[in-house]
Amino acid sequence: MTVTVRPDTAIVVDDIVKEFVLRHTRSLKEALVWLLRGRKGDITKRFRALDDVSLHVAQGETVALLGLNGSGKSTLLKLISGVLQPDSGSVRTRGRVAGLIEVGAGFHHDLSGRDNVYLNGAILGMSRAEIDERFDSIVEFSEIGEFIDTEVKFYSSGMYLRLAFSIAVHTDPEIFLIDEILAVGDEPFQRKCIAKIKELSARGKTLFVVSHDLDLVSTICERGVLLERGVIQLDGPVRDVVAELRLRSADDA
Ligand SMILES: Nc1ncnc2c1ncn2[C@@H]1O[C@H](COP(=O)(O)OP(=O)(O)OP(=O)(O)O)[C@@H](O)[C@H]1O
């Protein structure tokens, strides 16, 4: 199927399927029986985390990806950022993508904060000259201060987040992917991050946010997408989708 992509499209997710292999720890006897039967039958099981997911996000849209635990949100974000590859279907993005998906992913634990700014900045597509120019501002926003020359393995999870968030926003991304991580920041830093995210959105950047903080996403995002067991159930104004999720959660309870 050929999909027509409008010129103002930032993210196109097309018929994505993603499966994971679930390994079962079998007893020695079970493994032996399986071997003696000529390895017939499956000793592993496949689990479909995303089942035919399609999504178009226009440039400048602010999208909240919502759903209960295990519904496939992080998997979808990882596919959009390119950390994971789909089994079938495709993902296309337009412009520089900065993903804050796992705190400290992409950081080298034995290197200092300073070296990690250069390493991570390069991974996110900045040139050395660009990092040189933005270095002081990155450190200032992160409020890491004198710890910038400490190895990051000695950082707290909040310090990781501060540095990772600061590097990511300084890459000036067109598309910003954020997965729940703001939760590890303290309240003043969270407020600072939210202000920064709103500023990015006001400048026409595309935001794709995963969070269980429904009040927060309602203030940051306009559009909501509800995932349930790997399938998109609802896509519309964030307030409607949040209301539906609350309803379903109450029913479950
Ligand atoms: N690498 C993996 N190997 C096996 N299963 C995985 C892997 N990654 C994710 N899964 C499974 O895929 C499903 C979707 O996981 P995912 O992390 O995308 O959910 P989520 O909606 O982000 O959940 P949460 O709200 O708890 O963060 C879960 O059942 C999870 O166990």
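Rules of the game
- Residues numbered from 1 in each chain as written.
- Predicted model: local features only at pLDDT ≥ 70, side-chain atom pairs only at ≥ 80, totals over all residues.
- Helix = DSSP H or I, 4+ residues; strand = E, 2+ residues; numbered from the N terminus.
- Buried ≥ 20, exposed ≤ 12 C-beta atoms within 10 Å, placed from the backbone.
- Contact = placed C-beta atoms within 7 Å.
- Core = buried A, V, L, I, M, F, W, Y, C linked by C-beta atoms within 7 Å.
- pLDDT = per-residue confidence, 0-100.
- Pairing = 2+ DSSP bridges.
- Axes fitted to C-alpha atoms, helices over the stretch in contact; angles between N-to-C directions.
- Near = placed C-beta within 6 Å.
- Nonpolar A, V, L, I, M, F, W, Y, C, P; charged D, E, K, R; others polar.

A word on the overall build of the protein
Looking only at helices and strands, the protein has eight helices and nine strands in total. Here the C-alpha coordinates of the protein stretch approximately 65 × 45 × 40 Å along the principal axes. The buried share of the protein, reckoned over its 253 residues, is 36%. Sequence-distant contacts, at least 24 apart, represent 71% of the contacts inside the protein between residues at least 6 apart.

Quick word on the nonpolar core
In summary, soluble globular proteins display a tendency toward joint burial of nonpolar side chains. Formed by 60 residues in total, the largest nonpolar core has its most connected members in L65, L177, F208 and V209. In terms of residues, this core owes the most to one element, helix α5 (residues 157-170), which gives nine residues. Ignoring sequence-local partners within four residues, the contact set of F208 consists of I11, V57, V63, L65, L77, I80, I175 and L177.

Here's the deal with the confidence of the model for the protein
In this model, the protein carries a mean pLDDT of 89, and residues with pLDDT of at least 70 account for 94%. Both scores are available for the predicted complex, with the pTM at 0.86 and the ipTM at 0.96.

Details of the sheet that holds strand β4 (residues 88-93)
The strands making up a sheet associate through hydrogen bonds between their backbones, and the pairing can be parallel or antiparallel. With antiparallel pairing, the three strands of this open sheet are ordered in space as β2-β1-β4. With one partner strand each, in any of the chains shown, β2 (44-58) and β4 form the two edges of the open sheet. On average, adjacent strands in this sheet sit at an angle of 25 degrees to one another, irrespective of strand direction. As defined by bridge partners, strand β1 (residues 9-23) adjoins β4 across five bridges and the pair is classed as antiparallel. Pairing of V12 across the sheet is with R92, part of β4. Across the sheet, helix α2 (residues 73-81) is in contact with β1, β2 and β4; its angle to β1 comes to roughly 120 degrees.

Focus: the pairing of strand β6 (residues 175-179)
A regular strand places its side chains on the two faces of the sheet in alternate fashion. Among the five residues of β6, five are classified as buried, and the element is accordingly described as predominantly covered. The two faces of β6 match: I175, L177 and D179 on one face and F176 and I178 on the other face are all buried. Looking at chain direction, strand β5 (residues 97-100) and β6 are connected through four bridges and run parallel. Opposite V97, over in β6, you have I175 as the bridge partner.

What to know about the sheet that holds strand β8 (residues 223-228)
Taken together, the six strands give an open sheet; going across it, the order is β5-β6-β7-β3-β8-β9, and neighbouring strands pair in mixed fashion. A strand with exactly one partner marks an edge of an open sheet, and here the two such strands are β5 and β9 (231-237). Across the sheet, the mean angle from the axis of one strand to that of its neighbour is 15 degrees, orientation sign disregarded.

Thoughts on the environment of L79
On the secondary structure map, L79 appears in helix α2. A C-alpha to C-alpha distance of 9.9 Å links L79 and R92, two positions 13 residues apart in sequence. Beyond its immediate chain neighbours, meaning those up to four positions away, L79 contacts I16, K18, L84, P86 and V91.

Digging into the site of the ligand
What surrounds the ligand is the set F20, F47, A49, G67, N69, G70, S71, G72, K73, S74 and T75. Counting residues per element, the ones that place at least two in the shell around the ligand are β2 and α2. Looking at the shell around the ligand, the element that brings in the most residues is α2, giving three residues. Of the residues assigned to the shell around the ligand, the class counts are three nonpolar, seven polar and one charged.

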